[in-house]
There are 2 protein chains.
Amino acid sequence: MTQLLRVQNFTMSRDGVAAGVDQSFESPFGLDHSTLMSWCGATASWPNRTEPGGTRGLDDYFARDFSNNIGAEIMGRNKFGPQRGPWENLEWEGWWGDEPPFHTPVFVLTHHERPTITLSDTTFHFIDAEPSEVLARAKAAADGRDVRLGGGVTSIREFLDADLVDTMHIAVAPIDLAPGLTLWESPEELNDRFEHEVVPSASGIVHHLFWRK
Amino acid sequence: MTQLLRVQNFTMSRDGVAAGVDQSFESPFGLDHSTLMSWCGATASWPNRTEPGGTRGLDDYFARDFSNNIGAEIMGRNKFGPQRGPWENLEWEGWWGDEPPFHTPVFVLTHHERPTITLSDTTFHFIDAEPSEVLARAKAAADGRDVRLGGGVTSIREFLDADLVDTMHIAVAPIDLAPGLTLWESPEELNDRFEHEVVPSASGIVHHLFWRK
C-alpha cells in the first residue's frame, strides 16, 4: 500500500492568509484563528469538542478524515511554538497540554534539535534535515499509514517545492485577513501538477481538493 | 462516546431505484449495479481496487469513510444472497468469497436462523429479531465504534420506520433505472426528522447527507 503525504483541513481566508505576521505566545497564529477554524469547531467530529451535538454534513467528513489512516505528522517549528532561534526554554512542550490531538509520532522541523518529548500517545521528534529525509523518517514511523503535513504555510510550501505532497485539502473561509502569510496567490498555480476539485459547503467554506496528476 | 447507526455510500438512480425487482444468483442486485456503483469504483479508496490510481477528490472521501470507525454491519438477507425462505443451501456463504470487505461482525436479518459463519476477519451472524434488538447486539459487538446499516432498501426503510438511523449518506447517480425498489419518493420525506445537505460532485453523483435534528 502506498503511503501518502497529505495536507488535511488546512484553512485560509478568502484572500489567502493562513497565519498572521506576528506570532506570539498570546497569539499562536498571529491572527484570530478561532474565526478561521470555526467551520471545523461546528462539526460533530471536531477533536476538541467537549459538548455533544455538532453538524454531520459535508464539513464533518473533512473534520473526521483528519486522523483517518494517519500514522505520523510533520509540522514546522512555528506550529510547535512561538520561540525562534536556539531553544531558551526547554520547558515549552507545545500548545496542546498533556493530551496533544495527534496521537502519533510528530516530526518538528527545526535547525535547533532537542530531545524527544512524549506526551500521552504523541511523541515530538525535533529534526534538522531536508524535506525528503524528514518524510522518509516520518513514513518509517507511520507503521504503513499515511503522513499528515500539518503546516504552517512555510512548511507546506517547502514540501510543495520539493514535489513531495500527494494530496491537499485546503478549506477557504469566507473572511478577509490580509496582511499575513499566504500559501498561494491563486490555487491555479498548482494545476500543472495536481488535479483540483472545488466543493462549496453549506457553511460558506469552500473546500479545495488536490491530488497528483 | 455515542455509537451511531450509519448508512454509508448507499447508491440509487436519479429516479430512486436502488435494487431491481428480480434479484437472482446471476444478477445479485436485479439490475446493472456496476453502472450504479461506478462513481465509487473510480476512486483511489475503492475497497475492491486492484490497480493503482483512482481519483482523490470528493467522491474519494465518501469511499474511504465506508469503514472509518465502523465496528459492525447490519444487512438484510437479500444483500447476503439470492435464496428466499428456509435455507436450502447452507454452502452459500455470501457473494464475497473468502475475504469479505466488511472486516467486522455482520448481523444478517432473517426469519430463518442458521449457524454463524467466519470468513477471514468477517463474522456473519443470522438473527431473527426486532430492529432495536438487532441494533443493540450490533452495538455490543462493535467495540465502542459505530454500526453501518448496509442495506438493502427494505432493511433501511425498516430501521428508518423504527427511528433508529442516526446518519445517512445516499449517493444519487445520474441514470434512470425504474422499475425497481425505491428508498423514497423524495428525500424531502425525511426533512421532519433529519438535517439534509445536498452536495453535487464533479463525477455527476449528487451526495445527500442526513443527520438527526
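Not measured: the values here are computed from a predicted model.

Describing the overall build of chain A
Here is step 1 of the chain: A tally of regular secondary structure across chain A gives 6 helices and 11 strands.
Here is step 2 of the chain: Relative to the globule expectation of 17 Å for 213 residues, the C-alpha radius of gyration of chain A, 17 Å, shows essentially globular dimensions.
Here is step 3 of the chain: By principal-axis analysis of the C-alpha atoms, chain A measures approximately 45 × 40 × 35 Å.
Here is step 4 of the chain: By residue count, 39% of the 213 residues in chain A fall in the buried class.

So, the interface of chain A and chain B
Here is step 1 of the chain: The interface is formed by 14 residues belonging to chain A together with 14 residues belonging to chain B.
Here is step 2 of the chain: Of all the elements in the fold, those that place two or more residues in the side of chain A that touches chain B are helix H3 (58–65), strand E10 (194–200) and strand E11 (206–212) of chain A.
Here is step 3 of the chain: Of all the elements, H3 of chain A adds the most residues to the side of chain A that touches chain B, at 4 residues.

Quick notes on helix H5 (residues 131–141) of chain B
Residue and element names in this part refer to chain B.
Here is step 1 of the chain: Along H5, the residues that are buried comprise Pro131, Val134, Leu135 and Ala138. Each buried residue of H5 sits inside an arc of 100° when the element is viewed along its axis, so together they form one side. Exposed positions of H5 whose direction lies more than 90 degrees from the buried face are Ser132, Glu133 and Ala136.
Here is step 2 of the chain: If you follow the buried residues of H5, they end up packed against strand E1 (5–13), strand E3 (70–76), strand E4 (105–109), strand E6 (122–127), strand E7 (146–149) and helix H6 (153–161).
Here is step 3 of the chain: After H5 finishes, the residue Asp143 shows a positive phi value of roughly 60°.

Re the relation of the copies chain A and chain B
Put simply, the second copy of the chain is the first one after a rotation about an axis and a shift along it.
Here is step 1 of the chain: Taken as rigid bodies, chain A and chain B are interconverted by a rotation of 180° and an axial shift of 0.0 Å, the fit giving an RMSD of 0.0 Å. Each copy turns onto its partner about a two-fold axis.
Here is step 2 of the chain: Of all interface residues in chain A, 100% are interface residues in chain B too; the two copies therefore contact each other through one and the same surface.

So, H3 of chain A
Here is step 1 of the chain: By the criterion of burial, H3 of chain A is predominantly enclosed, with 7 of the 8 residues buried.
Here is step 2 of the chain: Along H3 of chain A, the positions that sit buried rather than exposed are Leu58, Asp59, Asp60, Tyr61, Phe62, Ala63 and Asp65 of chain A.

Structural notes on the environment of Gly152 of chain B
All names here are of chain B.
Here is step 1 of the chain: Counting through the fold element by element, Gly152 comes out in the loop between E7 and H6.
Here is step 2 of the chain: On the basis of neighbour count, Gly152 is assigned to the buried category, with 20 C-beta atoms found within 10 Å.
Here is step 3 of the chain: For Gly152, the residues in contact, after removing those within four places along its chain, are Ala18, Ala19, Gly76, Asn78 and Lys79.

What about the sheet that holds strand E6 (residues 122–127) of chain A?
Residue and element names in this part refer to chain A.
Here is step 1 of the chain: In space, the 9 strands of this open sheet follow the order E5-E6-E4-E3-E7-E1-E8-E11-E10, with mixed pairing throughout. Either end of the sheet is taken by a strand with one partner, and the two such strands are strand E5 (117–119) and E10. For this sheet, the mean angle separating the axes of adjacent strands, direction not counted, is 20°.
Here is step 2 of the chain: When strand E1 (residues 5–13) meets strand E8 (residues 167–173), the two strands line up parallel, connected through 6 bridges.

Notes on the sheet that holds strand E8 (residues 167–173) of chain B
Residues and elements named next belong to chain B.
Here is step 1 of the chain: Reading across the sheet, the 9 strands line up as E5-E6-E4-E3-E7-E1-E8-E11-E10 and stay open at both edges, with mixed pairing between neighbours. Whereas interior strands pair on both sides, the edge strands pair on one side only; in this sheet they are strand E5 (117–119) and strand E10 (194–200). In this sheet, neighbouring strand axes are inclined to one another by 20° on average, regardless of whether the strands run parallel or antiparallel.
Here is step 2 of the chain: Bridging between E3 and E7 involves 4 bridges; their strand directions are parallel. The residue of E7 that forms the bridge with Ile74 is Leu149.
Here is step 3 of the chain: Those strands touched by helix H3 (residues 58–65) are E1, E8 and strand E11 (206–212), and its axis lies near 130° from that of E1.

Some thoughts on unusual backbone geometry
Here is step 1 of the chain: Here the bond from Gly151 of chain A into Gly152 of chain A is cis, since omega is 5°, no more than 30 degrees from zero.
Here is step 2 of the chain: Between Ala178 of chain B and Pro179 of chain B the backbone carries a cis peptide bond, its omega angle lying at 5°.
Here is step 3 of the chain: With respect to the helices and strands, Pro179 of chain B occurs in the loop between E8 and strand E9 (181–182).
Here is step 4 of the chain: Of note in the backbone geometry, Asn9 of chain A takes a positive phi value of approximately 60° without being a glycine.
Here is step 5 of the chain: With respect to the helices and strands, the residue Asn9 of chain A is situated in strand E1.
Here is step 6 of the chain: In this model, His103 of chain A sits at a positive phi of 60°, which is unusual for a non-glycine residue.
Here is step 7 of the chain: Checked against the element boundaries, His103 of chain A lands in the loop between helix H4 (77–80) and strand E4 (105–109).
Here is step 8 of the chain: Residue class for His103 of chain A comes out partly exposed when judged on the 16 C-beta atoms lying within 10 Å of it.

Side note on the pairing of E1 of chain B
Here is step 1 of the chain: In this sheet, E7 of chain B lies alongside E1 of chain B in parallel orientation, the contact comprising 2 bridges. Paired with Arg6 of chain B across the bridge in E7 of chain B is Arg148 of chain B.

Cut-offs used in this document
Residues numbered from 1 in each chain as written. Chains lettered and ligands numbered in written order. Predicted model: local features only at pLDDT ≥ 70, side-chain atom pairs only at ≥ 80, totals over all residues. Helix = DSSP H or I, 4+ residues; strand = E, 2+ residues; numbered from the N terminus. Rg over C-alpha atoms; globule rule 2.2 N^0.38 Å. Buried ≥ 20, exposed ≤ 12 C-beta atoms within 10 Å, placed from the backbone. Contact = placed C-beta atoms within 7 Å. Arc of directions from axis to C-beta. Least-squares fit on C-alpha atoms with pLDDT ≥ 70 in both. Pairing = 2+ DSSP bridges. Axes fitted to C-alpha atoms, helices over the stretch in contact; angles between N-to-C directions.

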